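Here are the chains, one letter per residue:
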Amino acid sequence: FAGQWLQIRNLRSTTPDKNDFPDFDDNLRQAFERELELFFGSIVTEDRSVLDLMTADYTFVNERLAKHYRIPNVYGPDFRRVTVTENARKGLLGKGGILLVTSHADRTSPVVRGKWILDNLVGTPPPPPPPVVPPFPEETPGAPKTVRARMELHRASPACAGCHKVMDPIGLALENYDAVGVWRTQEAGQPIDASGELADGSKINGVVELRDSLLKRPELLVGTMTEKLLTYALGRSVEADDMPAVRTVLRGAAADNYRFSSLVRGIVTSVPFQVRRAETDPGTN
């Protein structure tokens, strides 16, 4: 389920540009995948609140991944649980695997990162892009070099502005992470600007404030996860007449601090899960 929901499986086909990220290798790719598996698995096996996916102050690393995250005193290939002391690294938004699958080969993508959060955490997918989308401005001599500056040129087009107004502030809040999840304070010699204004008018600056903003309405995150989990359990898309069951599961989980077992218990006792939808035989009336 986590591989499908969080797109962990996409890590295997994601390859950063070697010229831009020479330190990236397959060992790091595998470490990203294993970290996410162990992290999500700990929420399940310890029956923690699913909100800990966003706030947990621990993760799982081996020496290769600890070096990438600049976590000291971790040696050897075996993974072990460690405390995360940097607030920006807590939870899913600080995981290298998530940051990698939401980037392009040669740069970050605020659009992809923003869309990933809207799709998978908030449950409000942006509308599809228009048929003709102007290309993203390439890095050329004399042109703006930072991704943020190039994004501003791109969304100046009326065809792009509507969707980007929703997605960009979310994705730009993660700009302190490069395309392979390394923390940085500058890009192209310019200080990183991770500030923005969300669709509800709230202002944020950076990943910590983005996470705090998302957690102000925990029912959105848990409701989205419930829909994704029900989709996985049913083997089909969740439809409008399934939503009363989703809301029932969400209410039950809220009374139990949103523990993972509460979501599962609510889903397996729900009507959509218990009663197979009748299939109409096209040969009968």
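In short, a report on the structure. What you see is a predicted model, and the numbers here were worked out from it, not measured in a lab.

Observations concerning the nonpolar core
Residues Leu53, Leu93, Ile117, Leu121, Leu210 and Met225 are the most contacted members of the largest nonpolar core, which totals 67 residues. Looking at this core, the element that brings in the most residues is helix 2 (residues 26-45), giving seven residues. Sequence-distant contacts of leucine 93, defined by excluding residues within four places in its chain, comprise Met54, Leu99, Ile117, Leu121, Leu174, Tyr177, Val207, Leu210, Arg211 and Leu214.

Quick look at the packing of aromatic side chains
Taken as a whole and assessed by the stated rule, the structure comprises nine aromatic pairs. On the basis of an interplanar angle of 40° and a centroid distance of 6.4 Å, the ring pair of phenylalanine 24 and phenylalanine 32 is categorised as tilted. The exposure class assigned to phenylalanine 24 is buried, which follows from its relative accessible area of 5%. Judged by relative accessible area, which is 0%, phenylalanine 32 ranks as buried. Look at tyrosine 177 and tryptophan 183: their rings are 5.2 Å apart centre to centre, the planes differ by 80°, and that puts the pair in the edge-to-face class.

Some words on a nonpolar patch on the surface
A cluster of nonpolar side chains, Val264, Val268 and Phe273, forms an exposed patch at the surface whose accessible area comes to about 200 Å². Along the polypeptide, valine 264 turns up in helix 12 (residues 260-268). Residue classification places valine 264 among the partly exposed positions, given a relative accessible area of 31%.

Some details on helix 11 (residues 243-254)
Spanning twelve residues, helix 11 covers 16 Å between terminal C-alpha atoms, matching the ideal 16 Å at 1.5 Å per step. Residues Ala245, Val246, Val249, Leu250 and Ala253 constitute the buried set of helix 11. Around the axis of helix 11, the buried residues are gathered within 140° of arc, so they sit on the same side. Tucked inside the fold, the buried residues of helix 11 contact helix 10 (218-234), helix 12 and helix 13 (271-274).

Analysis parameters
- Residues numbered from 1 in each chain as written.
- Predicted model: local features only at pLDDT ≥ 70, side-chain atom pairs only at ≥ 80, totals over all residues.
- Heavy atoms only, no water.
- Core = buried A, V, L, I, M, F, W, Y, C linked by side-chain atoms within 4.5 Å.
- Buried < 20%, exposed > 50% of the residue type's maximum accessible area, 1.4 Å probe, protein only.
- Helix = DSSP H or I, 4+ residues; strand = E, 2+ residues; numbered from the N terminus.
- Contact = heavy atoms within 4.5 Å.
- Phe/Tyr/Trp six-rings, centres within 6.5 Å; stacked < 30°, edge-to-face > 60°.
- Patch = residues over 30% accessible without salt bridge, like charges linked within 9 Å, V, L, I, M, F, W, Y side chains within 5 Å.
- Areas by Shrake-Rupley, 256 points an atom, 1.4 Å probe, with all protein chains shown as cover.
- Salt bridge = Lys/Arg side-chain N within 4 Å of Asp/Glu carboxyl O.
- Expected span 1.5 Å × (residues − 1).
- Arc of directions from axis to C-beta.

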